[in-house]
Amino acid sequence: MCVKILEEESPNSLNLALSFENLALTFECEHKHAEAIVNFKKAMDICQTVAPEKVPNFHLKLGVNFRKQSQFNEALFHFNKAIEGHRAKNPNGEDLAISFNTLGLMLQEQGKWEEALLSFKKALAVYEVNGTSQSVVALSIKANVGSVMARTGKLAEALEMSEKLALELTAASAGAETIAAVYNTVASVMLLQGRSTEALEQLKKVTTLIETSLPNSMSLATAKINTGALYKSTDRLSDALFQFQSAVALLLKIAPNTVTLGVAYKHMGDTYLLQNDYEHAKEFNAKALAILGSLVPGS
């Protein structure tokens, strides 16, 4: 009702723009990204005239919500606009670094590892210039670099970096999900190195950190997938399926049609195949292919 009154009485006011922004943020929290996009656009259109300094941040928010819907071309357009606007405002500002990092996360999700790494490094370069390379945000971006290294086979480097970052982030009182993401990377590397017992200990740390406080987080979904992969590698197939099914149920709620969901489906299909359940194996490998084939080049 308040928004409707403002639209009628002050159609180009900053207050109306802020009202649209607040409405968009509410939709975003509810994972209603299409509605969030509509309202962020309305806020941005008003700010083009009354508060142009706010426009780059709206491009960033639009990019995030398009990414959540796996509309990567639209997201890329808005991330680039955010980078362009923040660079013009302050080439050494944290807003520019955050824009590069957010772009890197999307490129990482698409399996574009080299481009993601470049974007993360551009973000870190800003923190190096402004003297805040040990801030919690900068450390979390370094964690993203470690994750890419793990994905590209640089296991020893990824492990060394991630174990150090886990200690630094804990000492800096970083958020639970940030620390959990690092533990996930450590576990992934250890799993690839055949160190199953140590990997499981890292995954237990993730669960302890966030299962109660952040039950709808991507880090928890990733931990469930990694735990399932560990169980699958040690022939605990029923336990593996339980973990993959839990991850899928969570991802369908918070991040449908993402690469992570496709990976979970692929693990489920492979596990059913190991159980000689060919119908379910075909079903879930088909679901994985439908997602990964559309989102990851060369899948």
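Below is a summary of the structure that appears in this document. (Residues numbered from 1 in each chain as written. Predicted model: local features only at pLDDT ≥ 70, side-chain atom pairs only at ≥ 80, totals over all residues. Heavy atoms only, no water.)

To continue, consider the overall build of the protein chain. Secondary structure summary: the protein chain contains 15 helices and 0 strands in total. In terms of C-alpha radius of gyration, the protein chain reaches 21 Å, essentially the compact-globule figure of 19 Å for 299 residues. Expressed as lengths along the three principal axes of its C-alpha atoms, the size of the protein chain is roughly 65 × 45 × 35 Å. Look at the contacts in the protein chain between residues 6 or more apart in sequence, and 52% of them connect residues 24 or more apart. Averaging the coordinates of the 28 positive side-chain charges in the protein chain and doing the same for the 31 negative ones gives two points 2 Å apart. (Helix = DSSP H or I, 4+ residues; strand = E, 2+ residues; numbered from the N terminus. Rg over C-alpha atoms; globule rule 2.2 N^0.38 Å. Contact = heavy atoms within 4.5 Å. Lys, Arg positive; Asp, Glu negative; His and termini not counted. Charge placed at Lys NZ, Arg CZ, Asp CG, Glu CD.)

The terminal C-alpha atoms of helix 11 (residues 196-210), which comprises 15 residues, lie 21 Å apart, in line with the 21 Å expected from a rise of 1.5 Å per residue. Residues of helix 11 that are buried: Ala199, Leu200, Gln202, Leu203, Val206 and Ile210. Down the axis of helix 11, the buried side of the element spans an arc of 160°, and every buried residue falls inside it. Residues of helix 11 that are exposed and point over 90 degrees away from its buried face: Thr197 and Thr208. (Expected span 1.5 Å × (residues − 1). Buried < 20%, exposed > 50% of the residue type's maximum accessible area, 1.4 Å probe, protein only. Arc of directions from axis to C-beta.)

A few words on the pattern of salt bridges. Counting across every chain of the model gives 11 salt bridges. One salt bridge in this structure joins Arg236 and Asp239, with 3.0 Å as the shortest N-O distance. Assessed through its relative accessible area of 34%, Asp239 is described here as partly exposed. Among the charged side chains, a network of salt bridges with common partners joins Lys232, Lys266 and Asp270. (Salt bridge = Lys/Arg side-chain N within 4 Å of Asp/Glu carboxyl O.)

This paragraph deals with the layout of surface pockets. Within this model, the second largest pocket holds a volume of roughly 200 Å³. Classifying every residue of the lining of the second largest pocket by side-chain character gives 7 nonpolar, 4 polar and 3 charged. (1 Å grid on protein atoms, 1.4 Å probe; cavity = no way out; pocket = protein on both sides within 12 Å on 5 of 7 lines; lining within 4 Å. Points joined across faces, edges and corners; volume = space filled by probe spheres on them. Nonpolar A, V, L, I, M, F, W, Y, C, P; charged D, E, K, R; others polar.)

Spacing of three or four residues puts side chains on the same side of an α-helix, whose turn is 3.6 residues. An ideal rise of 1.5 Å per residue puts 22 Å on 16 residues; helix 14 (residues 259-274) measures up with 23 Å between its terminal C-alpha atoms. Among the residues of helix 14, Val259, Leu261, Gly262, Ala264, Tyr265, His267, Met268, Gly269, Thr271 and Tyr272 are the ones counted as buried. Each element contacted by the buried residues of helix 14 is listed here: helix 6 (94-109), helix 12 (218-233), helix 13 (237-254) and helix 15 (278-295). Backbone geometry just after helix 14 places Asn276 at a positive phi near 65°.

Where helix 8 (residues 136-151) contacts helix 10 (residues 176-192), the two axes come as close as 10 Å, and the packing angle between them is 20°. By the criterion of interaxial angle, the relationship of helix 8 to helix 10 is roughly parallel. Between helix 8 and helix 10 lies a crossing of left-handed hand. Taking contact as the criterion, the partners of Ser140, Ala143, Gly146, Ser147 and Ala150 in helix 8 are, on helix 10, Thr178, Val182, Thr185, Val189 and Leu192. A breakdown of the residues in the contact of helix 8 with helix 10 according to their chemical character gives 5 nonpolar, 5 polar and no charged. (Axes fitted to C-alpha atoms, helices over the stretch in contact; angles between N-to-C directions. Parallel < 35°, antiparallel > 145°, perpendicular 65-115°, else oblique. Left-handed = near helix turned anticlockwise from the far one by under 90°.)

Relative to the helices and strands, Ser119 resides in helix 7 (residues 113-130). If near-sequence neighbours (up to four positions away) are discounted, Ser119 is found in contact with Phe100, Leu103, Gly104 and Leu107.

This part covers the side chain of Asn144. Mapping Asn144 onto the fold places it in helix 8. Taking the relative accessible area as the measure of exposure, Asn144 reaches 15% and is therefore buried.

Turning our eyes to something else, we now look at the nonpolar core. Ranked by internal contacts, the top residues of the largest apolar core, which has 91 residues, are Leu169, Leu251 and Tyr265. With residues near it in sequence (within four places) discarded, Leu169 still touches Val136, Leu139, Ser140, Ala174, Thr178, Ile179 and Val182. (Core = buried A, V, L, I, M, F, W, Y, C linked by side-chain atoms within 4.5 Å.)

At Asp235, a position not held by glycine, the phi torsion is positive, near 65°. Mapped onto the fold, Asp235 is located in the loop between helix 12 and helix 13. Even without a glycine there, the phi angle at Asn276 is positive, about 65°. Counting through the fold element by element, Asn276 comes out in the loop between helix 14 and helix 15. Taking relative accessible area as the criterion, Asn276 reaches 53% and is therefore assigned exposed.

Turning our eyes to something else, we now look at the environment of Leu241. Within the secondary structure, Leu241 is located in helix 13. What makes Leu241 buried here is its relative accessible area of 8%. C-alpha of Leu241 to C-alpha of Ala288: the two residues are 47 residues apart in sequence and 15 Å apart in space. In this structure Leu241 touches Met268, Thr271, Tyr272 and Gln275, once residues within four positions along its chain are discounted.

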